[in-house]
Amino acid sequence: MGLIAVSLDGSPIPDVPDVDGDFDGPVAAARHVLAATRNVVHNQIAHNLVVGNQIAHNGVSGDEQAVDEQPVDEQPVDERVVDGRLVDERVVDGRLVDERVVDERALDAAAEAPLAIVAGTVAGAGAPGTARCAAVGLSPLSGGVAETRAEGPYAAGLRKAGVTGIVLYGRASHPVCVVVTEGTARLEPAADLWGLTTGAATDRLLERHGADAAVAVIGPAGERGVPYASIITCRHHPLPRLGLGAVLGRKNVKAVVCVGDAVPPVADPATVATIAAEYAEAARTDGLSTWQHGMPGFGVWSGEPGYAPVAQFTDTSRRGGVGTVPDEIARSATVAPCPGCPTDCIKVYAGAGLHQEALAMLGPGRGDPDPWPQLSVHEQQGTDPVDASGTLTVRGVAIPPFDPRVQPNLGLAYVVAPIGPRYDIVEHDLDFDPAEGIPSAYPELAQLGVRVPRPRGELDVYRTAQLMRLWSGLDALGVCVFAATPTRPLTLRRVTDLVEAVTGRRPDVLALGVTRLRLQHEINTRLGVDKIGTLPDLFFTEPVRAGGRYAGAVLDRDAFTAAAQDLHDHLFS
């Protein structure tokens, strides 16, 4: 069982080194992307991405290169749902229309690069926190490296098909479905699937390949290159952000289907069972785990003024987020479970899987008083609610619904991370605040040489660097951050114990995290998009206006810029 590569058009596949310490996950996939950008001076991919390195986005970026790149006649796109469908020239009769202007050169360049969907060697072992897959490639939004992750059954499906992941090279000449089984892949015609929503396509593929198949599919949005298109796995678990659904569509791939019943090897089943039992017991009383497990789940939340966006971060007089579920929607709620994990984070509301960001962005963030119907529209069309809703960006990628004025170290990670702003790039500042923090996490931070608790609003470059390395290592291993260190039951020691019990090899989690981050940075350097980002002006000029614990929060531009450079040097020098 390993990472396999497939040429969609018969073009040669380069020889990419297989490094044992990569654990066959996102790090191994990044080496394939790096190989595609190796000769940057003569590389057409790099040239195209540098010349046209983002899709026109209805946003205001903090980066100079993003200013004034949009067509002068492009009007803001407004999304509303009436009778279950997006209107205002967005979705008509179930189809996205009037899409944001696509930079065809950037999208073509991203599609010329390899795109990988990977699980890693710990997936499929039936252990908590290991039900994670990732997609790795180049983003047409940022013009740089892209990595996005999904929970759910798909990672186990890859392992059952006899692989740890698949790398897609080239572009098919017509719509195809990639079928992975018994450690190999084949291409099947997919003309009959083209144009179908993600749910309808998944239904048809399960009829064709069996109810136990694992399906990753794009919707009509990905087929047409909508810049914020996602890949949807196993119905309710998207690989969101960064436009990789559009890249898969430009490669003419409708779906990657995993079929099989292979049993991944486990070096020490007894230890895996022990860790699983420990986790289940700890999760019953752990604060974040019980919040994630219970109803309404971690996708339904609200925060004091200044914590989450209202009107694209411009209104700090009201609470952000969505804290309640309408009764008629709550009555039909279900769970989209992850194999081996008892936490059941992902709830299904209004026909769509709900992660932590969507409602906050679609509701108060965008200004819609009833965002619930939009959830299924985005899932069926295969679009990302965050990038569809957000107008403030870093390097062309929408800022997540957590305000950096209140959590400035999270903001540092937004602008320095090679893949751009993600809310799960680093543990949030408030978890280490003396008043709002999680004391059970403090011993984990001590192992990293970090001193906590520390007051919210205090820039701490070393802590941010260590936490980015830590979560980068978890991402590289395919270990879910919503189950793991520093704030959840899987401690750093138990993560390494678990990986060793599954694979027979004990990882250095932080070192692997460093490798992943530096590979991503090297890709961006070769593409010419490696400069540090910055945040839009309002985070430096507009303090939180409402009273309460976050009143007056604002970033100091000089201090933040210096800290961002310091963080960059910590991670990449």
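Residues numbered from 1 in each chain as written. Predicted model: local features only at pLDDT ≥ 70, side-chain atom pairs only at ≥ 80, totals over all residues. Heavy atoms only, no water.

- If you look the protein up in an unreviewed UniProt entry, it shows as Aldehyde ferredoxin oxidoreductase N-terminal domain-containing protein from Winogradskya humida.
- According to its UniProt record, the protein has this under Cofactor (unreviewed entry): "tungstopterin". (UniProt positions renumbered as here; feature names shortened; annotations may be inferred.)

1. Points about the overall build of the protein
Inference 1: Helix and strand counts for the protein come out as 20 helices and 23 strands.
Inference 2: With 573 residues in all, the protein has 64% of them scored as buried.
Inference 3: Within the protein, contacts between residues at least 6 apart in sequence are counted, and of these 69% link residues at least 24 apart.
Inference 4: For the protein, the exposed surface amounts to about 19,500 Å²; the carbon and sulfur share of it is 51%. (Helix = DSSP H or I, 4+ residues; strand = E, 2+ residues; numbered from the N terminus. Buried < 20%, exposed > 50% of the residue type's maximum accessible area, 1.4 Å probe, protein only. Contact = heavy atoms within 4.5 Å. Areas by Shrake-Rupley, 256 points an atom, 1.4 Å probe, with all protein chains shown as cover.)

2. Describing the side chain of Asp384
Inference 1: Secondary-structure assignment places Asp384 in the loop between α12 (372-381) and α13 (385-389).
Inference 2: Given the relative accessible area of 3%, Asp384 is considered buried.
Inference 3: Here Arg241 takes part through its side chain, which lies 3.2 Å from a polar atom of the side chain of Asp384.
Inference 4: Here the side chain of Asp384 touches Asp387 through a polar contact of 2.8 Å, landing on its backbone nitrogen. (Polar contact = N/O pair within 3.5 Å; in protein donor to acceptor, adjacent residues only side chain to side chain.)

3. Observations regarding the sheet that holds strand β14 (residues 231-233)
Inference 1: Ordered by their spatial adjacency, six strands build an open sheet running β12-β11-β16-β13-β14-β15, and the pairing between neighbours is mixed. Of all strands in the sheet, those bounded by a partner on one side alone are β12 (184-189) and β15 (237-239). Mean inter-strand twist for the sheet, computed between neighbouring axes without regard to direction, equals 20°.
Inference 2: Alignment of strand β11 (residues 176-181) against β12, held across six bridges, turns out to be antiparallel. Bridge assignment links Thr181 to a residue of β12, and that residue is Thr184. (Pairing = 2+ DSSP bridges. Axes fitted to C-alpha atoms, helices over the stretch in contact; angles between N-to-C directions.)

4. Some words on the sheet that holds strand β19 (residues 334-335)
Inference 1: Ordered by their spatial adjacency, three strands build an open sheet running β19-β20-β21, and the pairing between neighbours is antiparallel. In the strand order of this sheet, the two ends are held by β19 and β21 (352-354), each with one partner.
Inference 2: As defined by bridge partners, β19 adjoins strand β20 (residues 347-349) across two bridges and the pair is classed as antiparallel. Directly across from Val335, in β20, lies its bridge partner Lys347.
Inference 3: Docked against the sheet, α12 engages β20 and β21, running at close to 110° with respect to β21.

5. As for the layout of surface pockets
Leftover empty space is mapped by rolling, across the atoms, a probe with the size of a water molecule.
Inference 1: Taken as a whole, the largest pocket encloses approximately 510 Å³ of empty space.
Inference 2: Taken together, 24 residues line the largest pocket, and the ones lying closest to its centre are Trp291, Tyr307, Phe402, His428 and Asp431.
Inference 3: At three residues, strand β17 (residues 301-303) tops the list of elements feeding residues into the lining of the largest pocket.
Inference 4: Taken together, the residues of the lining of the largest pocket break down into twelve nonpolar, five polar and seven charged.
Inference 5: If you add up the space inside the second largest pocket, you get close to 260 Å³.
Inference 6: Along the walls of the second largest pocket sit 16 residues, with Pro153, Asp212, Ala213, Ala214 and Cys234 positioned nearest its centre.
Inference 7: Every element with two or more residues in the lining of the second largest pocket is listed here: α4 (154-160), α5 (198-209), β13 (214-217) and β16 (253-259).
Inference 8: Among the residues making up the lining of the second largest pocket, the classes are represented as ten nonpolar, three polar and three charged. (1 Å grid on protein atoms, 1.4 Å probe; cavity = no way out; pocket = protein on both sides within 12 Å on 5 of 7 lines; lining within 4 Å. Points joined across faces, edges and corners; volume = space filled by probe spheres on them. Nonpolar A, V, L, I, M, F, W, Y, C, P; charged D, E, K, R; others polar.)

6. Points about the pairing of strand β7 (residues 115-118)
Inference 1: In β7, alternate side chains face the same way, and those of Leu115 and Ile117 on one face and Ala116 and Val118 on the other are all buried.
Inference 2: Where β7 lies against strand β10 (residues 163-169), four bridges are found, and the strand directions are antiparallel. Each bridged residue has a counterpart across the sheet, and for Leu115 the counterpart in β10 is Leu168.
Inference 3: Where β7 and strand β8 (residues 132-138) come together, three bridges link them in antiparallel fashion.

7. Quick word on the pairing of β8
Inference 1: Judged by how many residues are buried, β8 sits mostly within the fold: seven of seven residues are covered.
Inference 2: In this structure, β8 lies alongside strand β9 (residues 145-151), joined through seven bridges in antiparallel fashion. Each bridged residue has a counterpart across the sheet, and for Val136 the counterpart in β9 is Glu147.
Inference 3: In this structure, the hairpin formed by β8 and β9 is closed by a connection of six residues, where Gly143 is found at a positive phi of approximately 80°.

8. Here we look at helix α14 (residues 408-416)
Inference 1: With nine of nine residues buried, α14 is to be regarded as a mostly interior element.
Inference 2: For α14, the elements touching its buried residues are β22 (392-394), α16 (461-477) and α20 (557-572).

9. Topic: the pattern of salt bridges
Inference 1: The full count for this structure, using the stated rule, is 37 salt bridges.
Inference 2: Note that Arg132 and Asp475 form a salt bridge whose closest N and O atoms lie 3.1 Å from each other. Note that Arg132 is positioned in strand β8 and Asp475 in helix α16, a separation of 343 residues in sequence. Considered together, Arg132 and Asp475 belong to a single accessibility category, that of buried residues.
Inference 3: The partner of Glu357 in a salt bridge is Arg241, and the shortest N-O contact between them spans 3.9 Å. Of this pair, Glu357 sits in the loop between β21 and α11 (358-365) while Arg241 is found in the loop between β15 and α7 (244-250), placing the two residues 116 residues apart along the sequence. (Salt bridge = Lys/Arg side-chain N within 4 Å of Asp/Glu carboxyl O.)

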